[in-house]
Amino acid sequence: MMGLTQPNGTRARARVERCIGSEILLRLKLGYELACCTALAQHASVPDYHTSGAWVAVAVAGVAARLRRLDRAQTAHAMGIAEHHGPHSQMMHCLDHLTMFKDGSG
C-alpha cells in the first residue's frame, strides 16, 4: 500500500505547487520513512497484524504537515488524529475467510 497511496498524493500535490525534483524526492522519502516507522510501531503494539491503511494514513498526515508548514506540536496532533481514525481492521480475518475485498477496505 505504501507503494500506491503515498507517491500518488505526493505527485499530485507537487504538480499543483510546481515543485522541483529534489523537494518531490524528499517528500517521497519522508512518506516512506514515516509509513515504515509507523508500521513497525503499530505491529509492536498489539499481537494482531494491522492492515496497510493504518500506517499510510499517518504517513500522509506527516507529509501534509510538512506541506502546510505545521510546527512540531501541530504535526504531532495531525499524525495522532490520523492514527486514531485510521483503519484498524483484522488482517488475519481476511486471510482466514477469503473475500474479494482488499484488507482494511469497506
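What you see is a predicted model, and the numbers here were worked out from it, not measured in a lab. (Residues numbered from 1 in each chain as written. Predicted model: local features only at pLDDT ≥ 70, side-chain atom pairs only at ≥ 80, totals over all residues. Heavy atoms only, no water.)

Engineer: What is the right way to read the overall build of the chain from this model?
Structural biologist: Looking only at helices and strands, the chain has five helices and zero strands in total. Going from the N terminus to the C terminus, the chain shows its helices and strands as α-α-α-α-α. Out of the 106 residues belonging to the chain, those deemed buried represent 29%. Sequence separation of at least 24 residues holds for 61% of the intrachain contacts in the chain that already meet a minimum separation of 6. Carbon and sulfur atoms make up 63% of the accessible area of the chain, which amounts to about 7200 Å² in all. (Helix = DSSP H or I, 4+ residues; strand = E, 2+ residues; numbered from the N terminus. Buried < 20%, exposed > 50% of the residue type's maximum accessible area, 1.4 Å probe, protein only. Contact = heavy atoms within 4.5 Å. Areas by Shrake-Rupley, 256 points an atom, 1.4 Å probe, with all protein chains shown as cover.)

Engineer: Before we go on, may I ask you to explain the side chain of T38 in this structure?
Structural biologist: Tracing the backbone through its elements, the reader meets T38 in helix α2 (residues 21-45). Leaving out residues up to four positions away in the same chain, T38 has contacts with W55 and V58.

Engineer: Please explain helix α3 (residues 53-67) as it appears in this structure.
Structural biologist: Residues lying three or four places apart along an α-helix face the same way, a consequence of the helix completing one turn every 3.6 residues. For α3, spanning 15 residues, the distance from its first C-alpha to its last is 21 Å, which sits close to the expected 21 Å at 1.5 Å a residue. Where α3 is concerned, the buried positions are G53, A54, W55, V56, V58, A59, A61, G62, V63, A65 and L67. Just past α3, the residue R69 takes up positive phi, approximately 60°. (Expected span 1.5 Å × (residues − 1).)

Engineer: What exactly am I supposed to notice about the confidence of the model for the chain here?
Structural biologist: Detailed reading of the predicted coordinates is not advisable wherever pLDDT is low. Chain-level statistics for the chain give a pLDDT mean of 76 and a share of 61% at 70 or above. Across the chain, element-level confidence peaks in helix α4 (residues 72-85) with a mean pLDDT of 92 and bottoms out in helix α1 (residues 5-17) with 60. (pLDDT = per-residue confidence, 0-100.)

Engineer: Explain the nonpolar core here, please?
Structural biologist: Nonpolar side chains tend to gather and get buried jointly when the protein is soluble and globular. Formed by L34, A35, A39, W55, V56, V58, A59, A61, M79 and A82, the largest nonpolar core amounts to 10 residues. The greatest single-element share of this core, amounting to five residues, is contributed by α3. In this view, M79 contacts L34, V58, A61 and G62; residues no more than four positions away in its chain are not counted. (Core = buried A, V, L, I, M, F, W, Y, C linked by side-chain atoms within 4.5 Å.)

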